[in-house]
Amino acid sequence: MNIYKDYMDVIKEAVSSDSSNYIREGLGQPVIQRSKEQFNNIYFKASQKDIADSLKSFSSQIGTTINYEQQLGLHPDFGHLKNSNSTEEHYIVSAFIDIKGSTNLFKKFDKETIFLITNAIQRAGIHTALIFGGYIHRLQGDGIFVYFGGKNMSREKAVLQALQAVSVYTHFVKNDLKEYFNSQGIENISIRTGIDLGHTEDVLWGNAGIGEISEVTTCSLHTSLASKMQSSAQTNGIVVGEFVKSELENNDDLFKPVSRRTGNENDRYIYRIADRNFNYTQYDFNWELFLKKQPFIAVDQFGNAIPKANNILEPLTVSSLKPIAKLSKPYFSYD
Amino acid sequence: MTNSLLEKNINSFLNTYPKFKYYERPKKKCSILKGLIDICDVDGNYWDSFKIEIFIEKQKYPYCVPIVKETSTKIERIDEWHISEDGFCCLDIDHELEFMSKRGINIITFYQEKVYPFFTNVLYKMKNGKYANEEYMHHFDGVIQFYEERLKLNDVSVIIKILTSVKNNDIPGRNQFCVCGKEIKIKNCHLGTLGFLKSLPKDRIQRDLDGFNNLNN
Ligand SMILES: [Zn+2]
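Residues numbered from 1 in each chain as written. Chains lettered and ligands numbered in written order. Predicted model: local features only at pLDDT ≥ 70, side-chain atom pairs only at ≥ 80, totals over all residues. Heavy atoms only, no water.

> How should the pairing of strand β3 (residues 46-57) of chain B be read in this particular structure?
Side-chain direction in a regular strand flips from residue to residue, so the side chains alternate between the two faces of the sheet. Residue and element names in this part refer to chain B. Here β3 lies mainly inside the structure; ten of its twelve residues are buried. The sheet contact formed by strand β2 (residues 30-40) and β3 spans eleven bridges and is antiparallel. Counted as the bridge partner of Gly35 is Ile52 from β3. Taken together, β2 and the strand that follows it, β3, pair antiparallel across an intervening segment of five residues, in which Gly44 is found at a positive phi of about 80 degrees. Pairing between β3 and strand β4 (residues 67-70): four bridges, direction antiparallel. Across the sheet, Phe55 pairs through a bridge with Ile67, a residue of β4. (Buried < 20%, exposed > 50% of the residue type's maximum accessible area, 1.4 Å probe, protein only. Helix = DSSP H or I, 4+ residues; strand = E, 2+ residues; numbered from the N terminus. Pairing = 2+ DSSP bridges.)

> How do you make sense of the side chain of Lys245 of chain A when you look at a structure like this?
Residue and element names in this part refer to chain A. Relative to the helices and strands, Lys245 is located in helix α8 (residues 242-247). At 3.5 Å, the side chain of Lys245 forms a polar contact with the side chain of Asp252. Every residue in contact with Lys245, bar those within four places of it in the chain, is listed here: Asp252, Phe255 and Tyr283. (Polar contact = N/O pair within 3.5 Å; in protein donor to acceptor, adjacent residues only side chain to side chain. Contact = heavy atoms within 4.5 Å.)

> So what exactly am I meant to see when it comes to the domain arrangement of chain B here?
Accessible area lost upon the coming together of the parts is a frequently used measure of interface size. Residues and elements named next belong to chain B. Along its sequence, chain B is organised into domain 1 (4-128) and domain 2 (140-216). Domain 1 puts seven residues into the contact, and the matching count from domain 2 is eleven residues. When domain 1 packs against domain 2, the two sides together hide about 860 Å² of surface, and 64% of this comes from carbon and sulfur. Contact with domain 2 buries surface across domain 1, with His95, Glu98 and Phe99 losing the most and accounting together for 63% of the total. Between the two partners, domain 1 and domain 2, sit three salt bridges. Here Glu98 ties to Arg204 by a salt bridge, and the two come within 2.8 Å at their closest N and O atoms. Taken together, the links from domain 1 to domain 2 amount to three residue pairs in polar contact (both at pLDDT 80 or more). A breakdown of the residues in the side of domain 1 that touches domain 2 according to their chemical character gives two nonpolar, one polar and four charged. (Domains from an automatic or database assignment. Buried area = accessible area lost by both parts, 1.4 Å probe. Salt bridge = Lys/Arg side-chain N within 4 Å of Asp/Glu carboxyl O. Nonpolar A, V, L, I, M, F, W, Y, C, P; charged D, E, K, R; others polar.)

Now the structure itself:
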């Protein structure tokens, strides 16, 4: 996806300035390292707060106003609970997104390169979540924990935007990122996600921790299940809970019980309370199909998902249409 | 749906292009794929979309030529755009389409090779003033052009001889002299051309024959 070009460029720049390049070039010579200035320069790009230009043209299609003033562990709609004794019930969508296989990077690159790569990937993830109205609750290693929804948003919309954000990001990791790393001899970089919806009566918001060692967070079975479902997901897969599925009407083709994939009936429910007759199903979410149905995505000649972006940066050139257009030789015979 | 190949192909079409919906229309001859065709260039940029309908003859599939209608009316309904007043699009010269249908089509391949390039070409012309490649001349002039370019035939009397033998199903064996009148074995002369024309419908051969005969009068 061209929309992640600026993020990929940072990664490529980090890789091309990795010390392994210098060692190879300077056979028997003293090893030259990436200069501090070079590092700072890339780091500056990798940590820019604003979304990169290539993604900006896409985000204008989505139409959400991006809130850059978020703080980790402090959802703006529940900020008043910080260090208070109050609690509040409110629905929330929890998404746990995790990049897998990044330890493979240590086989090839120095720690500075990996630091820059990780930052760029995480920044791409954060920005994608922000574009779709997500709220970044926590960063953990290669993972991002995002809430979707809040006081001025319907449940349906929160679920929809969570699925949209995660599908776009998964597409990026599964295609752009993976292709590039493969070309660098690094295999098995992938992403896995778990998403669940907790209804208002099942979610308690409150302050957890003490003093400044605290965050405003949710106590909810469904937040815990989202994290658990992430480990049920297959490589580059998304697993969602039954309540997520219920918010998306007429879209049964997008969801299949996880047990269908594994062939193991035990994988059908992610959680059961026998004496309350509570059997909660987890589903594999067909994000590739979902993505291609979205209004902000175009489907190209061969069925690939292409983000619709206003190409402010590079004006479109008809010469790029020509290779496809010239396959056609029309004829007119109607009377 | 009784046509299981069609069912299978439609399912994979819808999976690949989920912006289309399938209408089976049990009582009608044709089922319809309705949806959006998004035009993206080879650099992965999105340009524009057209709303289209693809009519498929259920019983005949895969031996049929799907008919494509543009319903977003973004294309002006004049001959120059190869579209009829009702929005039906001339994807290619009938001869090529009929030849394809004789061999059997796959709706996905048809979409990728005929439908998608047609609309990309329309867009190209909208932006650039002319088609990317060429176009066939309109009406019978296009047929003459087709015989010349695709079949390498421009001598009308030779064309008439060949068409007549195809029409009468009177084609000698590979090692006999060719129907064009040259004293060369068919296999070294017009074998390919005869093979192509033989797979066209009888009424197409007749119409072409009439057309070329008219030129000679
Ligand atoms: Zn001959």
